[in-house]
Amino acid sequence: MPTPKISFEFFPPKTPEGRVKLLAARDQLAALKPEYFSVTYGAGGSTRDNTRDIVMQIHRDGYAVAPHLSFGGDSEQAVLELIQSYKDAGIRHIVALRGDMPSGMGIHKLVNANELVALVRAHFGDHFQIKVAAYPEIHPDAESYQKDVYWLGEKFRAGADCAITQYFYNADAYFYFMEQCAQAGIDKPVIPGIMPITNFQNLVRFSDACGADIPRWLRQKMNGFGADSDGLKAFGEEVVSRLCEKLRAGGAPGFHFYTMNQAEPTLGILTNLGIQ
Ligand code: FAD
């Protein structure tokens, strides 16, 4: 089996301690020679400076980095300036998103990701490799399953190179989605997004917010660990490693890890997969 391409996602740290922790995690994960690291962008542009700052640091340190980007409440001019600063620095990847509007930011029209991809291609040609989001369990706002697949296709037709999925714990959802994508003429890579399991309450909170399904058996089992966080982590590592093995055997082209700025959970899974 070919070695899958891997990438690691961070969120921008809010404190100097968080930054030190992120960079330490990056150094550990860098040993696995990822294709790139990515850094999320706060809803509504709320982390613009923090994201840019840590993106530039990772780039200066010699690693490929993919800043996430969305319009939020910003003007086209502000978004173009931010992208230009990434281009000027020599950054070659972008994750283009619609994002969500945080409460309290008023009502802005969200700019869909296909429009952002088109804007980047129109202004920056082929400079960036553009990645977009995909949802094997379907985006919560989607009109229908087929419409969501259609809009993913529009992101590729606008010029995206690959997609990264929302996390999921049901490999069949991914395989079925890939079949539907193929039927819709999508032939670009759709990389599974992998969320290691380290904290039950946080995972439930995230999953409820983003529409990711936690199967009942998994929820019940995780709940049973109570305060035994080591037990939960060991179980989580086993479950997610098995998921990755299934995905790999079924032809998934790589893995994008939602690291939550921690190296160990991701390293544990990759070690189980024989990727070290
Ligand atoms: P879109 O592709 O625009 O789709 C949004 C919804 O609208 C879907 O239901 C789709 O079916 C529909 N749709 C798409 N295009 C159109 C159109 N042109 N007209 C009408 N309807 C349309 N959020 C953050 O805030 N920051 C991040 O850094 C971040 N990183 C992410 C990384 C990954 C890999 C993933 C999977 C998600 C990430 N998100 C992030 C979450 C993401 O921003 C939200 O899921 C958001 O609600 C949708 O973004 P999108 O780019 O998928 O939107």
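In what follows, the accompanying structure is described. From a predicted model like this one, the values you see are computed outputs, not experimental measurements.

## Focus: the environment of Ser7
Here is step 1 of the chain: Assignment of secondary structure puts Ser7 in strand β1 (residues 5–10).
Here is step 2 of the chain: Since its relative accessible area comes to 3%, Ser7 is described here as buried.
Here is step 3 of the chain: Each C-alpha atom, one on Ser7 and one on Ala133, is 14 Å from the other, the two residues being 126 residues apart in sequence.
Here is step 4 of the chain: Excluding its chain neighbours within four sequence positions, the residues that come into contact with Ser7 are Pro34, Tyr36, Phe255, His256 and Phe257.
Here is step 5 of the chain: Reaching out from Ser7, the side chain makes a polar contact with the side chain of Tyr36 at a distance of 3.5 Å.

## Details of the site of the ligand
Here is step 1 of the chain: Close to the ligand lie 23 residues, the nearest being Tyr41, Asp100, Tyr135, Asp148 and Lys155.
Here is step 2 of the chain: The side chain of Asp100 places a nitrogen or oxygen atom 2.6 Å from an oxygen atom of the ligand.
Here is step 3 of the chain: Burial of the ligand by the protein chains amounts to 86% of its free accessible area of 980 Å².
Here is step 4 of the chain: Those elements giving two or more residues to the shell around the ligand turn out to be α4 (113–124), α5 (145–157) and β6 (162–167).
Here is step 5 of the chain: Considering only residue class, the shell around the ligand consists of ten nonpolar, eight polar and five charged.

## Section: the packing of helix α7 (residues 200–210) against helix α8 (residues 216–223)
Here is step 1 of the chain: Where α7 meets α8, the closest approach of the two axes is 10 Å, and the angle between their N-to-C directions is 150°. It follows that α7 is roughly antiparallel to α8 by the angle criterion. Crossing angle aside, the handedness with which α7 passes α8 is left-handed. Residues Phe200, Leu203, Val204 and Asp208 of α7 touch α8, and the partners they reach there are Arg219, Met222 and Asn223.

## Focus: helix α1 (residues 16–30)
Here is step 1 of the chain: In a regular helix each residue adds 1.5 Å, so 15 residues correspond to 21 Å; α1 covers 21 Å between its end C-alpha atoms and thus fits that length.
Here is step 2 of the chain: For α1, the elements touching its buried residues are β1, β2 (36–39), α2 (48–60) and α10 (264–272).

## A look at unusual backbone geometry
Here is step 1 of the chain: A positive phi angle is found at Lys33, which is not glycine, with a value near 50°.
Here is step 2 of the chain: Along the polypeptide, Lys33 turns up in the loop between α1 and β2.
Here is step 3 of the chain: Since its relative accessible area comes to 69%, Lys33 is described here as exposed.

## Considerations on the pairing of β1
For a regular strand, the rule is simple: side chains alternate between the two faces of the sheet.
Here is step 1 of the chain: Most of β1 is tucked away: five of the six residues are buried.
Here is step 2 of the chain: Bridging between β1 and strand β8 (residues 254–258) involves five bridges; their strand directions are parallel. Note on β8: the bridge partner recorded for Phe8 is Phe257.
Here is step 3 of the chain: Taken together, β1, α1 and β2 form a β-α-β motif whose crossover is right-handed.

## Quick word on the sheet that holds β6
Across a sheet, paired strands are connected by hydrogen bonds in the backbone, their directions being either parallel or antiparallel.
Here is step 1 of the chain: The parallel closed barrel is built from eight strands, whose spatial order is β1-β2-β3-β4-β5-β6-β7-β8. Within this sheet the neighbouring strands show an average axis-to-axis angle of 25°, counted without direction.
Here is step 2 of the chain: Pairing of strand β3 (residues 65–69) with strand β4 (residues 93–96) involves two bridges; the strand directions are parallel. Each bridged residue has a counterpart across the sheet, and for Leu69 the counterpart in β4 is Ala96.
Here is step 3 of the chain: Of the strands in this sheet, β3, β4 and β5 (129–134) touch α4, which is tilted by about 180° from β5.
Here is step 4 of the chain: α5 rests against β5 and β6 of the sheet, and its axis sits at about 175° to β5.

Thresholds, definitions, all that
- Residues numbered from 1 in each chain as written.
- Predicted model: local features only at pLDDT ≥ 70, side-chain atom pairs only at ≥ 80, totals over all residues.
- Heavy atoms only, no water.
- Helix = DSSP H or I, 4+ residues; strand = E, 2+ residues; numbered from the N terminus.
- Buried < 20%, exposed > 50% of the residue type's maximum accessible area, 1.4 Å probe, protein only.
- Contact = heavy atoms within 4.5 Å.
- Polar contact = N/O pair within 3.5 Å; in protein donor to acceptor, adjacent residues only side chain to side chain.
- Near = heavy atom within 4 Å.
- Areas by Shrake-Rupley, 256 points an atom, 1.4 Å probe, with all protein chains shown as cover.
- Nonpolar A, V, L, I, M, F, W, Y, C, P; charged D, E, K, R; others polar.
- Axes fitted to C-alpha atoms, helices over the stretch in contact; angles between N-to-C directions.
- Parallel < 35°, antiparallel > 145°, perpendicular 65-115°, else oblique.
- Left-handed = near helix turned anticlockwise from the far one by under 90°.
- Expected span 1.5 Å × (residues − 1).
- Pairing = 2+ DSSP bridges.
- Right-handed = clockwise from strand over helix to strand, strands pointing away.

Everything listed here is a matter of geometry and, on its own, says nothing about what the molecule does.
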